[in-house]
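# Per-entry structural report
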Amino acid sequence: MEQITQVFSPHYAPLYDGFYQDKDYAAEIAILLALYGRFAEGALPNSLIDLAVGTGKHAEHLLAAGIRVYANDISAEMISVAKERLGRFQSNPPIFSCGPMETLRLAGNAKADCAAAFFTALGYLVSPESLAGFFANLRENLRPGGYFFCDVWNGRQMIKNYAPQRVKQAQVAGYLVERVSLTSEQADRNALRVEFIFTVKDPEGKKIVTTFSETHLVRYFSPAELSTLAWAYGFEVLACTPFGEESTLADCWNFSLFARSRAKKISFIHSTAGSSETSRTP
Ligand SMILES: C[S@@+](CC[C@H](N)C(=O)[O-])C[C@H]1O[C@@H](n2cnc3c(N)ncnc32)[C@H](O)[C@@H]1O
């Protein structure tokens, strides 16, 4: 499987939260749990896989609600930040695993009630093999009828209106960090290539302490495309809506999808002459 370039490195991981201080992780968990409650008769999930857990800011709300959390990420450095954040949950500790979500297998072959990939984590699966492998594998980690949630970039908006250059600053541990994002389209992957260039300066912002860069290739989806993909891999799509913004599905920047693992995979059978099998394809 194609792997992305080394991202969320030892340099970026400790700075990550500084750039997303305004992100309302509690509100995002409330959206997920409301969806789960709506379709699972008011219940909370007993167990949830936080796919691409990052620094653990969603996981901490899940753990606080008493949910068993399987925390997976490909970046050892992001996991190390998450471990520090979540260490206080000693009676309900998260179960960490470091590796690609495409091939994740839960400890003890456990099956979870739900899996969630927040903040466009699915977009990091840019090759057809990794995305298809992910969906095929996901079902194996969920109980029958288990649920899947993700939020992703909406290609309908991203392709037309992405910002080619952005600058953002953050104060982290007394340092002033500037992040310049240079974005271009990689059409053959339905993806945007974002080069992040970091400059870390002393607290007065006068002296440069270090610089580094990372290039992220992140895929966008259209709502119909992701719904089709989920359906083809054995999920019934229950909701597909703008995520965290007042907009329409056609025009939003991010949308979320909530789906349930179907009892059986649909098999596609092509009709052959003299056969009674029917074709399910157009
Ligand atoms: C934008 S961050 C989101 C982190 C976290 N979910 C959040 O909402 O803050 C994307 C995360 O995906 C992880 N990631 C990228 N590719 C992955 C893969 N193939 N398997 C597991 N994690 C992956 C990165 O290491 C990073 O932590």
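Residues numbered from 1 in each chain as written. Predicted model: local features only at pLDDT ≥ 70, side-chain atom pairs only at ≥ 80, totals over all residues. Heavy atoms only, no water.

### Focus: the packing of aromatic side chains
Inspection of the entire model under this criterion finds 22 aromatic pairs. Here the aromatic cluster, defined as three or more aromatic residues joined through ring pairs, consists of Phe8, Tyr12, Tyr16, Phe19, Tyr20, Phe119, Tyr124, Phe196, Phe198 and Phe212. Here the basic side chain of Lys23 rests over the ring of Phe119, its NZ or CZ set 3.8 Å away from the ring centre. The ring centre of Trp231 lies 4.6 Å from the NZ or CZ of Arg262, which sits over that ring. (Phe/Tyr/Trp six-rings, centres within 6.5 Å; stacked < 30°, edge-to-face > 60°. Lys NZ or Arg CZ within 6 Å of the ring centre and 35° of its normal.)

### Thoughts on the pattern of salt bridges
Note that side chains of opposite charge can pair when their charged atoms are close. What the rule picks out here adds up to 7 salt bridges. In this structure, Asp17 engages Arg85 in a salt bridge whose closest nitrogen and oxygen atoms are separated by 3.1 Å. Taken together, the residues Asp17 in helix 1 (residues 13-19) and Arg85 in helix 4 (residues 76-86) connect sequence positions 68 residues apart. For Asp17, a relative accessible area of 13% translates into the label buried. The exposure class of Arg85 is partly exposed, given its relative accessible area of 23%. Note that Arg143 is salt-bridged to Asp113, the shortest N-O span being 2.7 Å. Taken together, the residues span a long stretch of sequence, with Arg143 in strand 5 (residues 142-153) and Asp113 in strand 4 (residues 112-117) at a distance of 30 residues. Connected through salt bridges with shared partners, the residues Asp17, Glu60, Arg85 and Arg88 form a single ionic network. (Salt bridge = Lys/Arg side-chain N within 4 Å of Asp/Glu carboxyl O. Helix = DSSP H or I, 4+ residues; strand = E, 2+ residues; numbered from the N terminus. Buried < 20%, exposed > 50% of the residue type's maximum accessible area, 1.4 Å probe, protein only.)

### Description of the sheet that holds strand 10 (residues 235-242)
Ordered in space as 3-2-1-4-5-11-10, the 7 strands form an open sheet in which the pairing is mixed. The sheet is open, and its two edges are formed by strand 3 (95-98) and strand 10, each paired on a single side. Strand-to-strand, the axes of this sheet are offset by a mean angle of 15°, without reference to chain direction. Each of strand 2 (68-73) and strand 3 touches helix 4; the most contacted strand, strand 3, lies at about 165° to it. Each of strand 5, strand 10 and strand 11 (254-261) is contacted by helix 7 (residues 223-232), which is oriented at about 160° to strand 10, the strand it contacts most. (Pairing = 2+ DSSP bridges. Axes fitted to C-alpha atoms, helices over the stretch in contact; angles between N-to-C directions. Contact = heavy atoms within 4.5 Å.)

### Comments concerning the site of the ligand
Taken together, 21 residues lie near the ligand, and Tyr16, Ala52, Asp73, Met101 and Glu102 sit nearest. Within the side chain of Tyr25, a nitrogen or oxygen atom sits 2.9 Å from an oxygen atom of the ligand. A distance of 2.7 Å separates a nitrogen atom of the ligand from a polar atom in the backbone of Ala52. Calculation on the ligand without its partners gives an accessible area of 590 Å², and the protein chains cover 98% of this total. Of the residues that constitute the shell around the ligand, the class distribution is 14 nonpolar, 5 polar and 2 charged. (Near = heavy atom within 4 Å. Polar contact = N/O pair within 3.5 Å; in protein donor to acceptor, adjacent residues only side chain to side chain. Areas by Shrake-Rupley, 256 points an atom, 1.4 Å probe, with all protein chains shown as cover. Nonpolar A, V, L, I, M, F, W, Y, C, P; charged D, E, K, R; others polar.)

### With respect to the domain arrangement of the protein chain
Each assigned domain of the protein chain is listed here: domain 1 (13-155 + 220-261) and domain 2 (158-218). Contact residues are listed per partner, giving 18 residues for domain 1 and 23 residues for domain 2. Approximately 1,900 Å² of surface area, both sides summed, lies buried where domain 1 meets domain 2, with 66% of it carried by carbon and sulfur atoms. Considering only the surface of domain 1 that becomes buried against domain 2, Phe19, Trp153 and Tyr220 emerge as the three largest contributors, covering 42% of it. (Domains from an automatic or database assignment. Buried area = accessible area lost by both parts, 1.4 Å probe.)

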